[in-house]
Amino acid sequence: MKILAVDTSCDETSASVCEEDRVLSNVISSQIDLHSKWRGVVPIIAKRAHQERIDYVIEKSLKKAGIYVKEIDVFSVTVGPGLAIALEVGIKKIKRLALENKKPLVAVNHMEGHIYSNFIRNRNGKYYNNLKKIKFPVLCLLISGGHTEIVLMEDHGKYKLIGETLDDAVGEAFDKIARPLMLGYPGGPIIEELAKSGKPVYKLPIPMQRRNDYNFSYSGLKTACVVKIQELRKELDENFPKIVPDFCASFQKTICESLIYKIKKVLKNYPTEQILIGGGVIRNNYIRKFIKSEMKKNEIEVIIPNKKFCTDNAAMIGVCAFYKAKKKDYVKDINKVDRLPDLKIDEKINF
Ligand code: KG4
Ligand code: ZN
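The notes below deal with the structure included here.

Quick notes on the rules
Residues numbered from 1 in each chain as written. Chains lettered and ligands numbered in written order. Predicted model: local features only at pLDDT ≥ 70, side-chain atom pairs only at ≥ 80, totals over all residues. Heavy atoms only, no water. Helix = DSSP H or I, 4+ residues; strand = E, 2+ residues; numbered from the N terminus. Rg over C-alpha atoms; globule rule 2.2 N^0.38 Å. Buried < 20%, exposed > 50% of the residue type's maximum accessible area, 1.4 Å probe, protein only. Salt bridge = Lys/Arg side-chain N within 4 Å of Asp/Glu carboxyl O. Near = heavy atom within 4 Å. Polar contact = N/O pair within 3.5 Å; in protein donor to acceptor, adjacent residues only side chain to side chain. Pairing = 2+ DSSP bridges. Axes fitted to C-alpha atoms, helices over the stretch in contact; angles between N-to-C directions. Donors = N, O, S within 2.8 Å, 3.2 Å for Na, K, Ca; no water. Tetrahedral: all angles 85-135°; square planar, octahedral: opposite > 155°, others 65-115°. Contact = heavy atoms within 4.5 Å. Core = buried A, V, L, I, M, F, W, Y, C linked by side-chain atoms within 4.5 Å. Expected span 1.5 Å × (residues − 1).

1. What to know about the overall build of the chain
Summing up its helical and strand segments, the chain has ten helices and ten strands in all. Against the compact-globule benchmark of 20 Å for 351 residues, the chain has a radius of gyration of 20 Å, which places it among compact chains. Judged by the C-alpha coordinates and their principal axes, the chain covers about 65 × 45 × 35 Å. Expressed as a percentage of the 351 residues in the chain, the buried residues total 55%.

Written out as C-alpha cells, the structure reads:
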C-alpha cells in the first residue's frame, strides 16, 4: 500500500510517500524565515506560503520516492487541529488528487500523527527509534507548539484524554519566553542551545502542583519569567552572556519538573509499563534525558521519536494513515472533508 500524506497545519508545508509504515520520502518546507520577524506564526502568511509551495513539495516527495501519483493507493491529509486557513490548503489539494485518481482518502488528526512519529520505519523496515514492542495501554505525553496533553492510548486509534493545558502549550512557553530575552523565533531550539552553557540557578515556580487534576498551565510560569527578567534587566544589560544561559537552564529545568510531576501523578491512577512522547518539544535533548532518567527510577520505558520526526512532518501523518487504512477507516464522502481546527484527540472524524 503506497500512501501520499500532506500536512499544512501550521508553518511547515510537508508531503511524504510511505509504503505501509515505511517512509520513502519526507519533504518539509519550513516557513520559519517568513514568521521569525513577527516572532510567531502569522496565519495569512502561512496560508500564502503553503499555497505557493504545496505543488512543489508534493512533486518532490513523489520524485524522491520514485513513484508516480497514479501509483498511490491512499491519499491522506491532516484535517486538524491547527490553523484553519493553513489546514485548508493541504485538504483542498489532497481532495482533488484523491478524486482525480479515484482513490480513498484518510483524514488524520495532527496530534495522533505526533503519536505515530514513534511508529515510523525506514525503507528497510527498521524503526527509526528502535521501537521493540508497544504494550497497550500506553500513556502518551504530547508536547508541541500548540498542544500539551496526556492521553491514554488503549489501542491503535483508541484514545482517552487525561489532561491538557488550560492555557499555553509547552512549546508556546519556550517561544514566548524567548521574546523578552530577544532571542528570536522559535524559542525552543535557541533556549536549548543557550541552556547548555548555563546553570539552573534561578528559582521559578513549578506550575499546577497544588491542583488535583492532570491538567497543565504555563501562563503563570511565563508571567513569573517576565517579572524575573524585568528584575534582572540591569544585570542583563551588563552581563547578558552569563545571565541568559543561566535563565534558559532554569526555565528548561522547571518545564521538565512540571512535566514529570504530572506524569507521575497520572501514573498513580493509570499505571502503564511504557510512556510514549511526541511533539516538537521532545527534540530537546535535555528534556529527553531528564524524562528518561526520571522514568528509569520507576522502571518505565520511555518511547521517543527519532529527532527528525519530532517537529511537524508528513511522514507521521502517512504512517498514522496506514494504520487507519488497514482498518478501511476511509472518508465516506471526499467532497465533505473540511478543516477541523479544534479537533480533539478522542474525537471521531465524521466525513
Ligand atoms: O510539533 P511542532 O513542530 O508544531 C506544533 O504542532 O505545534 O512543535 C513546534 C514547537 C515550537 O514551539 C518549538 O519552539 C518547539 O516545538 N521546539 C522545541 C525544540 N525544538 C522545537 N522546544 C524545546 N526545545 C527544542 N529543541
Ligand atoms: Zn505538530
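2. A short note on the pattern of salt bridges
When the charged atoms of two side chains with opposite charge come close together, those side chains can pair. This model, assessed by the stated rule, comprises 21 salt bridges. Taking the shortest distance from any N to any O, the salt bridge between Lys2 and Glu19 comes out at 3.3 Å. Separated by 17 residues along the polypeptide, Lys2 in strand 1 (residues 2-7) and Glu19 in strand 2 (residues 12-19) bring together distant segments of the chain. Taken together, the shared-partner salt bridges connect Asp168, Glu172, Lys176 and Lys222 into one network.

3. Some thoughts on the site of ligand 1
Taken together, 17 residues form the shell around ligand 1, and within it Gly145, Asp175, Glu192, Gly280 and Asp312 come nearest. Within the contact set of ligand 1, an oxygen atom lies 3.2 Å away from a backbone nitrogen or oxygen of Gly171. The side chain of Asp175 places a nitrogen or oxygen atom 2.7 Å from an oxygen atom of ligand 1. Taken together, the elements giving at least two residues each to the shell around ligand 1 come down to helix 4 (110-116), helix 5 (170-178) and helix 6 (187-195).

4. Some words on the sheet that holds strand 10 (residues 301-303)
Spatial ordering of the open sheet is given by 8-7-6-9-10, a layout of five strands whose pairing is mixed. In this open sheet, the two edge strands, each paired with only one partner strand, are strand 8 (158-164) and strand 10. Sheet twist, expressed as the mean angle between neighbouring strand axes with direction ignored, is 25°. Looking at chain direction, strand 6 (residues 138-143) and strand 9 (residues 274-278) are connected through four bridges and run parallel. Looking across to strand 9, one finds that Cys140 is bridged to Leu276.

5. Looking at the coordination of the zinc ion (ligand 2)
The protein atoms that coordinate the zinc ion (ligand 2) are His110 (NE2), His114 (NE2) and Asp312 (OD), at distances spanning 2.0 to 2.1 Å. Around the zinc ion (ligand 2), the four donor atoms sit at angles spanning 94 to 136°, and that spread fits a shape best called irregular.

6. Focus: the environment of Asn215
Topologically, Asn215 is positioned in the loop between helix 6 and helix 7 (219-231). The contact partners of Asn215, leaving out residues within four places of it in the chain, are Gly163, Glu164, Leu166, Met208 and Lys262. Side-chain polar atoms of Asn215 contact the backbone nitrogen of Glu164, separated by 2.9 Å.

7. Here's the deal with the nonpolar core
The biggest cluster of nonpolar side chains holds 50 residues, and the ones touching the most others in it are Leu141, Phe251, Leu259, Ile291 and Met295. Sorting the residues of this core by element identifies strand 6, strand 7 (148-155), helix 5, helix 6, helix 7, helix 8 (233-269), strand 9 and helix 9 (285-297) as the ones contributing at least two each. Dropping the residues within four chain positions of it, Leu141 is found in contact with Glu149, Ile150, Phe216, Leu259, Ile263, Ile275, Leu276, Ile277, Gly278 and Ile291. Judged by nonpolar contacts, the second largest core, of 35 residues, contains Ile115, Leu142, Tyr159 and Ala315.

8. What about helix 10 (residues 315-326)?
When the terminal C-alpha atoms of helix 10 are compared, their 17 Å separation across twelve residues agrees well with the 16 Å that a helix rising 1.5 Å per residue should span. Here helix 10 lies mainly inside the structure; eleven of its twelve residues are buried. Where helix 10 is buried, its residues touch strand 1, strand 2, strand 3 (22-30), strand 4 (74-80), strand 5 (105-109) and helix 4.

9. Notes on the sheet that holds strand 4
Taken together, five strands build an open sheet; the order of strands is 3-2-1-4-5 and the sheet is mixed. The strands lining the two open edges of the sheet, one partner per strand, are strand 3 and strand 5. The mean angle between the axes of side-by-side strands here comes to 20°, regardless of whether they run parallel or antiparallel. Here five bridges tie strand 4 to strand 5, and the two strands are oriented parallel to one another. In the sheet register, Gly80 faces strand 5, and the bridge partner there is Asn109. Taken strand by strand, helix 2 (residues 43-65) contacts strand 1, strand 2 and strand 3, and its axis lies near 25° from that of strand 2. The strands touched by helix 3 (residues 84-101) within the sheet are strand 1, strand 4 and strand 5, with strand 4 carrying the most contacts at an inclination of about 155°.

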